[in-house]
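Spelled out from the first residue to the last, the chains are:
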Amino acid sequence: MHDIPERHQSERREEGNVRDITVRNAVEQDKEFVRTTHHLAYYDVSVKQFGTWDDKLQDNFFNDIWSAPDLKIINFNDEPCGYYLAEELQSHIKLHELVILPEFQGKNIGSSILKQLQDQSSQQGIPITLQVLRDNRAIELYERSGFSIVSKSSTHNTMEWST
């Protein structure tokens, strides 16, 4: 799996304080936070795209992510605000999940995580790929960060960033 340095401080200031974004490995005590974050972040897009929310199906998606050994918790000013999972493969970095709680979105947290992944991807000379639900507004974040849609299915867009 792929790892972002444990501490990253962005250059922007918010309310007079340096924005502090940290990343750490998920531990058992984070399980309910990650589940809740997953459900909050995916509820609206799932209802919009599929017309319904299925708790059992979403819990299965959550369990797949939770079982990954390198799941990372993102903190903003020492408060958990999201999680991500990236896997380093020989030919590319696969970003499986980048999920930010709704109340923390729009604070450049996701952009900061993507920038760190892009820096590491550039150093290794390999692209980053991801899949995103076609109705997920995160597509705008990925496009602003230089990702392009390389293929589409009935449910997802596959996106890629390369140097």
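Whatever comes next refers back to the structure up there.
Residues numbered from 1 in each chain as written. Predicted model: local features only at pLDDT ≥ 70, side-chain atom pairs only at ≥ 80, totals over all residues. Heavy atoms only, no water.

**What to know about the packing of aromatic side chains**
- Evaluation of the coordinates by the stated rule reveals four aromatic pairs.
- Measuring from ring centre to ring centre gives 6.2 Å for phenylalanine 62 and tryptophan 66, while their planes differ by 25°; the resulting arrangement is stacked. Taken together, the positions of phenylalanine 62 and tryptophan 66, both in helix H2 (residues 55–66) and four residues apart, correspond to about one turn of that helix.
- Residue phenylalanine 62 is classed as buried on the basis of its relative accessible area, which comes to 3%.
- Overall, tryptophan 66 belongs to the buried group, its relative accessible area being 16%.
- Geometrically, the ring pair formed by phenylalanine 76 and phenylalanine 104 is edge-to-face, given 6.0 Å between the ring centres and 70° between the ring planes. Within this pair, whereas phenylalanine 76 is found in strand E3 (residues 72–76), its partner phenylalanine 104 is found in the loop between strand E5 (93–100) and helix H3 (109–124), the two being separated by 28 residues in sequence. With respect to class, phenylalanine 76 is no different from phenylalanine 104; both count as buried. (Phe/Tyr/Trp six-rings, centres within 6.5 Å; stacked < 30°, edge-to-face > 60°. Helix = DSSP H or I, 4+ residues; strand = E, 2+ residues; numbered from the N terminus. Buried < 20%, exposed > 50% of the residue type's maximum accessible area, 1.4 Å probe, protein only.)

**Regarding helix H1 (residues 31–50)**
- Considering bend angle alone, the principal kink of H1 is centred on tyrosine 42 and spans about 40°.
- For H1, the full list of buried residues reads Phe33, Val34, Thr37, His38, His39, Tyr42, Val45, Ser46 and Gln49.
- Looking at the buried side of H1, the elements it contacts are H2, E3, strand E4 (79–88), E5 and strand E6 (128–133). (Bend = angle between axes of the 7 residues up to and from the residue. Contact = heavy atoms within 4.5 Å.)

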